[in-house]
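Chain by chain, the residues:
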Amino acid sequence: TMLYTGYAQAQHRVNPDEIKEKMQWFADAKLGIFIHYGIYSVKGIDESWSFHNKKISYPDYMNQLKGFTANQYKPDELAELIKESGARYAVMTTKHHDGVALWNSKYGPLNVVKKTPAKRDLLKPLYDALRARGVKAGAYFSLIDWSHADYPGFLKDSSRYQVSSQPAKWAKYLTFMNGQLDELAKQYNPDLWWFDGDWEHSAEEWNAPAVRQKLLSYNPNTIINGRLQGFGDYDTPEQNFPVSRPNYKWWELCMTINDNWGYQPQDTNFKTPYEIISIFTDAVSYGGNLLLDIGPKGDGSIPPQEVNMLKELGAWNKKNGEGVFNTVAGMPQGHYYGASTLSKDSTTVYLFVPAKTSAPVLVKGLKNSIKKISVLGSDTPLTYKIVGKISWSAVPGLLYIPIPESQQDKYISVI
Ligand code: JFZ
């Protein structure tokens, strides 16, 4: 029996050396906000999966189109909230597995402009508002489209066909899908593409290398997530937190604030700010990013608990962000029993210390001399003690740092 879980690292078919430059903003960004917004938020049910899993009939699911007003959808306020959280990029669901596009696609009738009372493009104003604030704009796009007549149907339906048995039908689907990708690329020029649903078909069936090439031809600096059957730029260990440092250079943990991606009123299992900040700093200490999800209500307003979470995160980042943004992964395990990061020039170590820590923090195996130890947000230097230093040896000894409670953060202090 295993006492621990890992996560399966995706196969990577892109040479990291060739994408290093364009990946720099992503490596420095650390925090992104994921937005799952779609007609599923009208009834507050599972995005797409509810009809796929037959919890609701397909017609009843699509009836939500009629109730999708987006009349409280305020892209400027949303972008402001995202900016305030400290996030440097946001990823918006342009189309989920249900096939409902959030822009006025000329490919097929199923979009919120043509089919809902919202009657307008929901992407453009958000992307503009984000960019106006220096926040990168990402597009989530589901490769799967369970509403399209040429797609091999719902997973559980007997109508599902094999691509190899109906190549012409599949080719029609790919034309449609690529048409939508062209529209998104031309109209919004995403800084990042967040593909989803690649598991239903192989790289060959998706034509994944061609999709990648096409998007890069529109924008050579665009970043593509890992869910393109290995033809993406970074890894995505969803919900499962990696217990050791992933060996692919760039990765992003995506996570919900409660237990669902989209808005669901009965789900009140919200993580606490402490939990989110510890997950966030843990990810950063392993060299990764956190993509934290919010699910606007059907009318577009953001649930108050999520607004509050983003504000708490923002306040924490304002005070402690020096230890997070533009840093690199911290010390290998064994030096310190917790998360740490390093400044890019390797002159500063940042230690993350949970609130109300009464025992002195212990750091082992430091090589360099110490200039100063302090808590972010406080000017008073901390006193510390070196134990076990042998005068004639290069072994640096143990460093003990007591942290007065008066100087501690209410969630996680950065030393
Ligand atoms: C997918 C979607 O099906 C889901 O609705 C949501 O949009 C989420 C962000 O992405 O779900 C997944 C995809 C991959 C894993 C788990 C759920 N995974 O790799 O563990």
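Residues numbered from 1 in each chain as written. Predicted model: local features only at pLDDT ≥ 70, side-chain atom pairs only at ≥ 80, totals over all residues. Heavy atoms only, no water.

### Quick word on the confidence of the model for the protein
Do not read the predicted coordinates in detail wherever pLDDT is low. Going by this rule: The score called pLDDT rates the predictor's confidence residue by residue, from a low of 0 to a high of 100.
Residue-level pLDDT values for the protein average 95, and 97% of them are 70 or greater. Prediction confidence for the complex, expressed as pTM and ipTM, is 0.97 and 0.97 respectively.

### Some words on the site of the ligand
Just so we agree on the cut-off: Nearness of a residue to a molecule or strand requires only that one of the residue's heavy atoms be within 4 Å of it. A 3.5 Å cut-off defines polar contacts: any pair of N or O atoms within that distance qualifies, except that in protein one atom must be a possible hydrogen donor and the other a possible acceptor, and neighbouring residues in sequence count only when both atoms are side-chain atoms. Methods summary: accessible areas were calculated by the Shrake-Rupley approach with a probe of 1.4 Å, and residue burial reflects only the protein chains presented.
Close to the ligand lie twelve residues, the nearest being H36, E47, W49, H96 and H97. A distance of 2.7 Å separates an oxygen atom of the ligand from a polar atom in the side chain of H36. With respect to the ligand, the side chain of D196 contributes an N or O atom lying 2.9 Å from an oxygen atom. Notes on the ligand: free accessible area 450 Å², of which the protein chains cover 75%.

### Points about the packing of aromatic side chains
Threshold: Pairing of aromatic side chains here covers Phe, Tyr and the six-membered ring of Trp, requires ring centres within 6.5 Å, and sorts the geometry by plane angle: under 30 degrees stacked, over 60 edge-to-face, intermediate tilted.
For the structure on display, the rule yields 25 aromatic pairs. Geometrically, the ring pair formed by Y248 and W250 is edge-to-face, given 6.2 Å between the ring centres and 75° between the ring planes. In this structure an aromatic cluster arises from ring pairing among W49, F51, Y58, Y61, W146 and W199.

### Concerning the pattern of salt bridges
For clarity, the threshold we go by: Salt bridges are defined as contacts in which a side-chain nitrogen from Lys or Arg sits within 4 Å of a carboxyl oxygen from Asp or Glu. Put simply, DSSP H or I for four residues or longer makes a helix, DSSP E for two residues or longer makes a strand, and each gets a number counted from the N terminus. Burial classification: accessible surface area is computed with a 1.4 Å probe over protein chains only, and a residue below 20% of its type maximum counts as buried, one above 50% as exposed, and the rest as partly exposed.
Tallied over the full model, the rule gives 16 salt bridges. A salt bridge links R133 to E80; the nearest nitrogen and oxygen atoms lie 2.6 Å apart. Residue R133 is found in the loop between α9 (123–132) and β3 (136–142), and its partner E80 is found in helix α7 (residues 75–85); the two are separated by 53 residues along the sequence. Residue R133 is classed as partly exposed on the basis of its relative accessible area of 22%. Taken together, the salt bridges that share partners define one network made up of K22, R212 and D233.

### Comments concerning the sheet that holds strand β9 (residues 340–342)
Counted only if it meets this: Should DSSP find at least two bridges between two strands, the strands are taken to pair.
If you trace the four strands from one edge of the open sheet to the other, you get β8-β9-β10-β14, paired in antiparallel fashion. Strands at the two margins of the open sheet, each flanked by one partner only, are β8 (328–329) and β14 (412–414). Here β8 pairs with β9 via two bridges, running antiparallel. Within β9, the position partnered with V328 by the bridge is L342.

### Some remarks on the domain arrangement of the protein
The cut-off we apply is this: Note that the domain bounds were set by an automatic or database domain assignment. Note on definitions: a residue-residue contact is assigned when non-hydrogen atoms from the two residues lie within 4.5 Å. Summed over both partners, the accessible area lost on bringing two parts together, with a 1.4 Å probe, is the buried area. The classification used treats Ala, Val, Leu, Ile, Met, Phe, Trp, Tyr, Cys and Pro as nonpolar, Asp, Glu, Lys and Arg as charged, and all other residues, Gly among them, as polar.
Entries for the protein in the domain assignment read domain 1 (16–323) and domain 2 (330–415). In this structure, domain 1 and domain 2 have C-alpha centres spaced 38 Å apart. Facing 19 residues of domain 1, the contacting portion of domain 2 comprises 18 residues. With both chains or domains summed, domain 1 and domain 2 bury close to 1,600 Å², and 53% of this area falls on carbon and sulfur atoms. Area buried by domain 1 at its contact with domain 2 is led by Y274, K319 and G323, which between them contribute 31% of it. Counting the contacts that link domain 1 with domain 2 gives three salt bridges. Where K410 meets E312, a salt bridge forms, and the shortest distance between an N and an O atom there is 3.7 Å. One can count twelve residue pairs in polar contact (both at pLDDT 80 or more) joining domain 1 with domain 2. Elements that contribute at least two residues to the side of domain 1 that touches domain 2 include exactly α2 (24–29), α13 (273–285) and α14 (304–320). Split by residue class, the side of domain 1 that touches domain 2 holds seven nonpolar, six polar and six charged.

### Observations regarding the pairing of strand β6 (residues 252–256)
Rules: Every crossover in which the path from the first strand over the helix to the second runs clockwise, viewed with the strands pointing away from the viewer, is termed right-handed.
Taken across its five residues, β6 has five buried, putting it largely inside the fold. Here β6 shows two buried faces, one formed by E252, C254 and T256 and the other by L253 and M255. As paired elements, β6 and strand β7 (residues 289–294) share five bridges and run parallel to each other. Residue pairing in the sheet places M255 in a bridge with L292 of β7. As a crossover connection, the stretch from β6 through α13 into β7 is right-handed.

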